[in-house]
Amino acid sequence: MLSAEEWQILGTSLGVAGRAVIFSLPIAIAFAYALSRPRFPGKSVLDGVAHLPLVLPPVLIGFLLLLTFGRRGPVGSWLEATFGIHLAFTAEGAALATAVMAFPLMVRAIRLSFEASDGGLFEAAAVLRAGAWDRFMSVALPLAWPGVLAGAVTAFAAGLGEFGAVITFASNVPGETQTLPLAIYSALQVPGGEALALRLAGISMFAAVAGLVVAEMIQRWARRRLET
Amino acid sequence: MSLVVAGAVVRRGAFTLNAEFEAPAQGITVVFGPSGAGKSMLLSMVAGLHRLEVGKVSLGGRVLEDVAARVRVATHQRGIGLVFQDARLFPHLSVRGNLLYAERRRPAHRNTPIVDDIAEQLDISGLLDRAVRNLSGGEKSRVALARAVLSAPELLLLDEPFAALDGKRRRAFLAMLRDLSVKTSLPMMVVTHQIEDAAELADHVVALKDGKVIAHGSASGVMRRQEFVSLLDRRDLGSRIDANAVAGVRPGGGVWVRADSVILATERPKGLSARNVWQGHIASIHMEADGSALVSLATEPGYISSRITPEALAELHLKEGAQVWAVVKTHSL
């Protein structure tokens, strides 16, 4: 059904979006939990940072990543010197750019889920001798995990379509950083490439819609399960 | 060992709780007062869910919170259990999961209660594999109680967990609480605004009104005091009698005898269906605003009040010091 080239592009996309979600999920959970807590100093700053990728142009995010994680950037040069890791113009870099762009989506979904859980249950856990970390792991996270999963799936679906930040930071290398939208863009640059672009667009749409449907199903199932 | 609350102040919005009392950490201490008196807040304060503004709380000599000395033991390290009014069972765990949650977290040296034993005692053995959402209100209360007992606290606080239960099921729950308190010798502090519940459960009483402790001490003593009586509705006025002295009720604890349910006789009654007849002397007669007379009698089981009409008072020639018989129907208790 799909050509070898199309499989490769889809594979690159899935790999980039998958890694982006896996590595940013723990950080997103931490952010979301912190933001769901009552007021604390620096909360609005944290909130702003988490939402920045939503309001900044993706190309600017890619550029900022390049300045920071590029070979001559402060973090990038340290990573290269210490671990020999290159991020700019690699699949890992594409995953990083995708993760940053999808981060606000994840934080939002997870935060809503933390906020919706009954604070009284944390008190109940505390009087049963559960400390703060224990309460988080044994009550907050299990109650919020449908939101966590839904946030991850939504971020994954959105990550498949990330363009501006990826092309700026990781470039458009076939087989390495050429994800679906980048491949569509490339196909459109070539005379007679519309047919390929259309097929890739179909694949991209299917993957995104499938992701959203899965997220919705998880939410519904979980809501039924946690009803009291 | 006792719970000592000294000059404690807790504020929540416009409401302020001022608490000063000492309660022995054994038997059942009832926290009594009308709705909005701050009873739940008092429990939350002892459990460490509300921070003190000033004052000190200690249990058995161990300081739990002392604002002046900047000491505050976190809720999970206090070893104080709390059964909430709304049960607060974990919805992502089964009934057994909820019980094990408590059992796994208690310190190893306090390993007395066993899940199956407590489940049997509280009649929830058949529910262990059920999901929490499929329980009735009474079942939820019992599971919440079992969970709290299994965490082996040094003091168990109960915030009217039987509020949602009515009639028979409520009485059964109270009886179970008393049994549990005796069998496990786990000291309890129970909130209620119902005078019958207070009389049945209390060994000690802490009475609250408008965020202040107005009386505290032994149940038999406090429940006769004017400060305590002032908390009661007119139709609830009465007296606490030791349950062992009353025919037809469960032994242990107390019974609240309403003044309206006590009949007076100037001669020893004969051929009565009522099971409780006590001889005594009139200690005082208090005239109420509507002309009724509240007659207080010193009888063998203790002081009893009877409310009678002005006509009856005149007809029977009742005076202080006169000998009378008090008649109480068991079913009115």
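Residues numbered from 1 in each chain as written. Chains lettered and ligands numbered in written order. Predicted model: local features only at pLDDT ≥ 70, side-chain atom pairs only at ≥ 80, totals over all residues.

**Q** How should the overall build of chain B be read in this particular structure?
**A** Helix and strand counts for chain B come out as 9 helices and 18 strands. Since a compact globule built from 333 residues should have a radius of gyration of about 20 Å, the 22 Å found for chain B is in line with a globular shape. Taking the principal axes of its C-alpha atoms as reference, chain B extends roughly 65 × 50 × 30 Å. Put simply, chain B has 333 residues, and 42% of those count as buried. Intrachain contacts of chain B at a sequence separation of at least 6 include 64% that bridge at least 24 residues. (Helix = DSSP H or I, 4+ residues; strand = E, 2+ residues; numbered from the N terminus. Rg over C-alpha atoms; globule rule 2.2 N^0.38 Å. Buried ≥ 20, exposed ≤ 12 C-beta atoms within 10 Å, placed from the backbone. Contact = placed C-beta atoms within 7 Å.)

**Q** How should I be thinking about the overall build of chain A in this particular structure?
**A** Within chain A one finds 10 helices and 0 strands. Each helix (α) and strand (β) of chain A, taken in turn from the N terminus, gives the series α-α-α-α-α-α-α-α-α-α. Along the first, second and third principal axes, the C-alpha set of chain A runs to 70 × 45 × 30 Å. Scored against the burial criterion, the 228 residues of chain A give a buried share of 41%. In chain A, the proportion of contacts linking residues at least 24 apart, taken out of those at least 6 apart, comes to 73%.

**Q** Just to check I follow, could you spell out helix H6 (residues 119-127) of chain A for this structure?
**A** Every α-helical turn comprises 3.6 residues, leaving residues that sit three or four positions apart pointing alike. Inspection of H6(A) places Ala124(A), Ala125(A), Ala126(A) and Val127(A) among the buried residues, and these make up the whole buried set. A positive phi of about 75° marks Arg129(A), the residue just after H6(A).

**Q** How should I be thinking about the interface of chain B and chain A in this particular structure?
**A** Reports often express the size of an interface as the amount of accessible area lost when the parts come together. On the chain A side, the residues contacting the 19 residues of chain B number 16 residues. Only strand S7 (80-83) and helix H2 (95-105) of chain B provide two or more residues apiece to the side of chain B that touches chain A. Across the side of chain B that touches chain A, the residue classes break down as 10 nonpolar, 5 polar and 4 charged. (Nonpolar A, V, L, I, M, F, W, Y, C, P; charged D, E, K, R; others polar.)

**Q** In this structure, what is going on with the sheet that holds strand S17 (residues 302-308) of chain B? I would like to understand it.
**A** Pairing between the strands of a sheet comes from backbone hydrogen bonds, and it takes one of two forms, parallel or antiparallel. Residue and element names in this part refer to chain B. In space, the 5 strands of this open sheet follow the order S14-S18-S15-S16-S17, with antiparallel pairing throughout. The open sheet has two edge strands with one neighbour each: strand S14 (262-265) and S17. Within the sheet, the average angular offset between the axes of one strand and its neighbour, ignoring direction, is 45°. Of the pairings in the sheet, the one linking strand S15 (residues 276-287) to strand S18 (residues 323-328) comprises 6 bridges and is antiparallel in character. Directly across from Asn276, in S18, lies its bridge partner Val328. (Pairing = 2+ DSSP bridges. Axes fitted to C-alpha atoms, helices over the stretch in contact; angles between N-to-C directions.)

**Q** Just to check I follow, could you spell out the packing of helix H1 (residues 4-36) of chain A against helix H10 (residues 194-225) of chain A for this structure?
**A** Pairs of packed helices are described in terms of their axes, by the angle between the two and the distance that separates them. All names here are of chain A. Relative orientation of the contacting elements H1 and H10 amounts to 40°, with a least axis distance of 11 Å. When the interaxial angle is binned, H1 and H10 end up oblique. Two packed elements cross with a definite hand, and for H1 against H10 that hand is right-handed. Contacts between H1 and H10 involve Glu6, Ile9 and Leu10 from the first element and Arg199, Leu200 and Ile203 from the second. For the contact of H1 with H10, a count of residues per class yields 4 nonpolar, no polar and 2 charged. (Parallel < 35°, antiparallel > 145°, perpendicular 65-115°, else oblique. Left-handed = near helix turned anticlockwise from the far one by under 90°.)

**Q** Whenever I open this one, the nonpolar core confuses me. Can you help?
**A** A general tendency of soluble globular proteins is for nonpolar side chains to be buried together. By size, the foremost hydrophobic cluster in this structure holds 158 residues, and its most contacted members are Ala97(A), Ala102(A), Met106(A), Ile110(A), Ala146(B), Leu157(B) and Val205(B). For this core, the element with the highest residue contribution is helix H5 (residues 91-116) of chain A, accounting for 15 residues. Two domains share this core, each providing at least three of its residues, namely domain 1 (2-235) and domain 2 (236-332) of chain B. The residues contacting Ala146(B), other than those within four sequence positions of it, are Leu99(B), Ile118(B), Ala119(B), Leu122(B) and Ile124(B). (Core = buried A, V, L, I, M, F, W, Y, C linked by C-beta atoms within 7 Å. Domains from an automatic or database assignment.)

**Q** Explain the domain arrangement of chain B to me, please; I cannot follow it from the model alone.
**A** Residue and element names in this part refer to chain B. The domain boundaries assigned to chain B delineate domain 1 (2-235) and domain 2 (236-332). Taken together, the contact between domain 1 and domain 2 spans 17 residues of the former and 12 residues of the latter. If one sorts the elements of the side of domain 1 that touches domain 2 by residue count, helix H6 (residues 195-201) sits on top with 5 residues. For the side of domain 1 that touches domain 2, a count of residues per class yields 9 nonpolar, 1 polar and 7 charged.

**Q** For this particular structure, what's the right way to read the confidence of the model for chain B?
**A** Atomic detail in the predicted coordinates should be set aside for any region of low pLDDT. Here chain B averages 90 in pLDDT, while 99% of its residues score no lower than 70. For this predicted complex, the interface score ipTM comes out at 0.87, alongside a pTM of 0.84. (pLDDT = per-residue confidence, 0-100.)

**Q** I tried to follow the pairing of S7(B) on my own but got confused; where do I start?
**A** The side chains of a regular strand alternate, first on one face of the sheet and then on the other. Residues and elements named next belong to chain B. Burial along S7 is two-sided: the face carrying Ile80 and Leu82 and the face carrying Gly81 and Val83 are both buried. Where S7 lies against strand S8 (residues 155-159), 4 bridges are found, and the strand directions are parallel. Note on S8: the bridge partner recorded for Leu82 is Leu157.

**Q** Would you mind showing me how to read the pairing of strand S1 (residues 2-12) of chain B here?
**A** Residue and element names in this part refer to chain B. Where S1 and strand S2 (residues 15-24) come together, 9 bridges link them in antiparallel fashion. Its bridge partner being in S2, Ser2 is matched across the sheet by Pro24. Where S1 hands over to S2, the hairpin turn is made up of 2 residues, of which Gly13 adopts a positive phi near 60°. Bridge count between S1 and strand S4 (residues 54-59): 5 bridges; the pairing is antiparallel. Note on S4: the bridge partner recorded for Val5 is Val57.

**Q** Any chance you could explain the packing of helix H3 (residues 58-69) of chain A against H5(A) here in plain terms?
**A** Residue and element names in this part refer to chain A. With their axes 10 Å apart at the nearest point, H3 and H5 run at an angle of 130° to one another. Compared by their axis directions, H3 and H5 come out oblique. Two packed elements cross with a definite hand, and for H3 against H5 that hand is right-handed. Within the contact between the two elements, H3 uses Pro58, Ile61, Gly62, Leu65 and Phe69 and H5 uses Leu96, Ala97, Val100 and Met101. A breakdown of the residues in the contact of H3 with H5 according to their chemical character gives 8 nonpolar, 1 polar and no charged.

**Q** It is not clear to me how helix H7 (residues 132-159) of chain A should be interpreted in this structure. Could you clarify?
**A** With 28 residues, H7(A) should cover 40 Å at 1.5 Å per step; its first-to-last C-alpha distance of 33 Å lies more than 12% under that length. Of all the bends in H7(A), the greatest, near 55°, is centred on Trp145(A), and the proline Pro146(A) appears no more than four residues after it. (Expected span 1.5 Å × (residues − 1). Bend = angle between axes of the 7 residues up to and from the residue.)

**Q** Help me understand the environment of Leu237(B), please; the structure alone is not making it clear to me.
**A** Residue and element names in this part refer to chain B. Mapped onto the elements of the fold, Leu237 is located in the loop between helix H8 (226-229) and strand S12 (238-242). Leu237 sits in the partly exposed class, given 17 other C-beta atoms within 10 Å. Sequence separation between Leu237 and Ala259 is 22 residues; the distance between their C-alpha atoms is 5.9 Å. Every residue in contact with Leu237, bar those within four places of it in the chain, is listed here: Val229, Leu232, Ala259, Leu294 and Ser305.

**Q** It is not clear to me how unusual backbone geometry should be interpreted in this structure. Could you clarify?
**A** With the exception of glycine, the majority of residues adopt a negative phi angle, and the majority of peptide bonds are in the trans configuration. Even without glycine at this site, Ala87(B) takes up a positive phi of about 65°. Structurally, the position occupied by Ala87(B) is in the loop between S7 and H2.

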